[in-house]
Amino acid sequence: MATIRTKLTLLIMAASSMSVLCACLLFYYLIGLHLQRAYRKDLESLADILGHNCAASLAFDVPEDASTVLASLDSRESVFAIRLYDKDGNLFASYDNVPGLKNHQSFFPEIIPDDPRHLKIERPITLKDGSTAGKIVLYDNFQEIAASKKKGILILIATGAASLAAALLLASFLQAVISRPLGLLTEAVQQLAAGDFSARHRIPTRRTDEIGLLSTAFVDMGNKLEDSYSQLAVSNQNLEKRVAARTEALQRAMHDLTRSQTQLIQSEKMVAIGHLVAGVAHEINNNINFIACAIPSLMRLNQRLNDQLTSQAPLNRDQLGKTTQRIDDLLHNAEEGVRRTIKIVQDLNAFARPSRGEFSELDIHQELEMVLTLLRYELKGRVEVHCDFTPGLPPVLCLRDQISQVFMNILRNASQAIADQGHIRIQTWRQDDTVRVRFQDSGGGIPPEIQPMIFDPFFTTKDVGKGTGLGLSISYGIVKNHGGDIWVESSTPQGTSFVVSLPLRQNGQFLPPAISVTAPEEGGQPA
Ligand code: ADP
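The rules behind the values
Residues numbered from 1 in each chain as written. Predicted model: local features only at pLDDT ≥ 70, side-chain atom pairs only at ≥ 80, totals over all residues. Heavy atoms only, no water. Pairing = 2+ DSSP bridges. Helix = DSSP H or I, 4+ residues; strand = E, 2+ residues; numbered from the N terminus. Axes fitted to C-alpha atoms, helices over the stretch in contact; angles between N-to-C directions. Contact = heavy atoms within 4.5 Å. Buried < 20%, exposed > 50% of the residue type's maximum accessible area, 1.4 Å probe, protein only. Salt bridge = Lys/Arg side-chain N within 4 Å of Asp/Glu carboxyl O.

## Observations regarding the sheet that holds strand β6 (residues 383–388)
Within the open sheet, the 5 strands sit side by side as β6-β8-β9-β11-β10. Their pairing is mixed. Only two strands of the sheet have a single neighbouring strand rather than two, namely β6 and β10 (485–492). The mean inter-strand angle of the sheet, taken between neighbouring strand axes irrespective of direction, is 15°. Across 6 bridges, the pairing between β6 and strand β8 (residues 422–431) is parallel. By the bridge assignment, H386 is partnered in β8 with R425. Set on the sheet, helix α6 (residues 364–379) makes contact with β6, β8, β9 (434–441) and β11 (495–503); between it and β8 the angle comes to about 170°. Helix-sheet contacts for helix α8 (residues 471–481) involve β10 and β11, and the interaxial angle to β10 is about 135°.

Okay, structure coming up:
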């Protein structure tokens, strides 16, 4: 792309050359016209003088005299022929300007009448009385005019060259005065844009013309820009500090919140355990009673066997078989009691122990069974539990203790909603990339007016000491933290149905949706 400098130079050169050329051409044309007219007039006067001098010769019919008069023009080299005619138009005398052939009658008898190279001057010859004596015709070959033209062209070329040189000089001057400072200014603007604020000091501001004003404005702009830049840097620093402080405060608050949440979950769990304790203790007591009752019988039977060693009347084979069979049964019962006790203690321990925030893969069915073991006493003889589990469900990545607490809260609510006898149905299935659990009870239902509040913290309809109002709100928080959802699917005076949906993940990634879906009976999504 041509720079301003090149454009300016070309423009000035073209403009000045064109104007000089036009002026020269005009001048050349006018001078040529003037010269041509003067030349013609000069020739006409010459022809008149010659005609006047030849008038007597025409009057007295002396052609020799006329020829002598005509020949007197030999010093005028451009006139190459003169013809003198009498009043009848006959050739009377002639002159041809040919070196060595002076006074020759007619060297150029065939003069081309209207040759543009020749100037033909024709003048009448009148006598003193006013009558016409003849006419004189003068042929000139324009030599002087041609010479003048040549000179004119030379002058024209010289003037053109001079004007070009002047234009060049003007262009370089303009370049020094305009282009160079503009170039410097452009360079400085580019450096300033690249962040080099010192560029403005390299711009001279001494000039008082427009470029000087532009340079001063640029330096001023650079100063202001540097000021704003440093102010911006300072406020940026402040902002960063404030953001860091705010982030730290937020992190602290978040940490405190998480801790309080964990504490809340744990204390709610302890409340649930508190409620379970009576039932669990009863279960353990039952089993221990089982073992305790077995021990005296075992001791007695053992004694009987010992007595056999010294007995005078030993038992027969059949009686001995019955005794050992009885011992076997008692030992089996005791073993069953021990096994159940161990299971209850293990489940209680698993339920009570916090998971320390570590995600692990959980078998939903196992977890539900564990919760049901702990609730056995509360449900036994009153609530029938139907487990409708879909086999082969993938494990769910979750905080095990928190999910078991969700199941415990929902199942305890269901149990408490059943006033007398009733049933709870637990269904599991996979839907898209989630595992879902439906808890359906035959309790009294949740009245529609309180349904929007049941997930609110501290909302309870239970008596003091029976409910804290935290069970569902904590469960909601836990499920949401797992990226899942919990909702009331339906609730009528004939029963309530809760659904818990937990996302399936593998290595922290969601699994692709399952191809086959075990369709739930009621289906439904969170409201
Ligand atoms: P709490 O059980 O301590 O009252 P929750 O947050 O677990 O607290 O429950 C809030 C309320 O929701 C309960 O008081 C009860 O009115 C209602 N509710 C929850 N589950 C059921 C259910 N299965 N049937 C009827 N009402 C229920």
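## Considerations on α8
Turning to α8, its buried residues are G471, L472, S473, I474, S475, I478 and V479. Those residues of α8 hidden inside the fold are in contact with α4 (210–310), α7 (400–417), β10 and β11. G483, located one to two residues past α8, shows a positive phi value of around 75°.

## Here we look at the pattern of salt bridges
With the rule as written, the count across this model stands at 19 salt bridges. Taking the shortest distance from any N to any O, the salt bridge between K135 and E122 comes out at 3.3 Å. A residue pair is termed long-range when its members are at least 10 positions apart, and K135 in strand β4 (residues 132–140) and E122 in strand β3 (residues 119–126) qualify at 13 residues. For E122, a relative accessible area of 43% translates into the label partly exposed. The salt bridge involving K343 is made with D347; its shortest N-O contact spans 2.8 Å. Of this pair, K343 and D347 both sit in helix α5 (residues 317–352), 4 residues apart, which is roughly one turn of the helix. The partly exposed category is assigned to K343, whose relative accessible area is 34%. Through salt bridges with shared partners, a single ionic network connects K120, E122 and K135.

## Some details on the pairing of β3
Two elements, β3 and β4, share 8 bridges in a ladder whose sense is antiparallel. Within β4, the position partnered with I125 by the bridge is G134.

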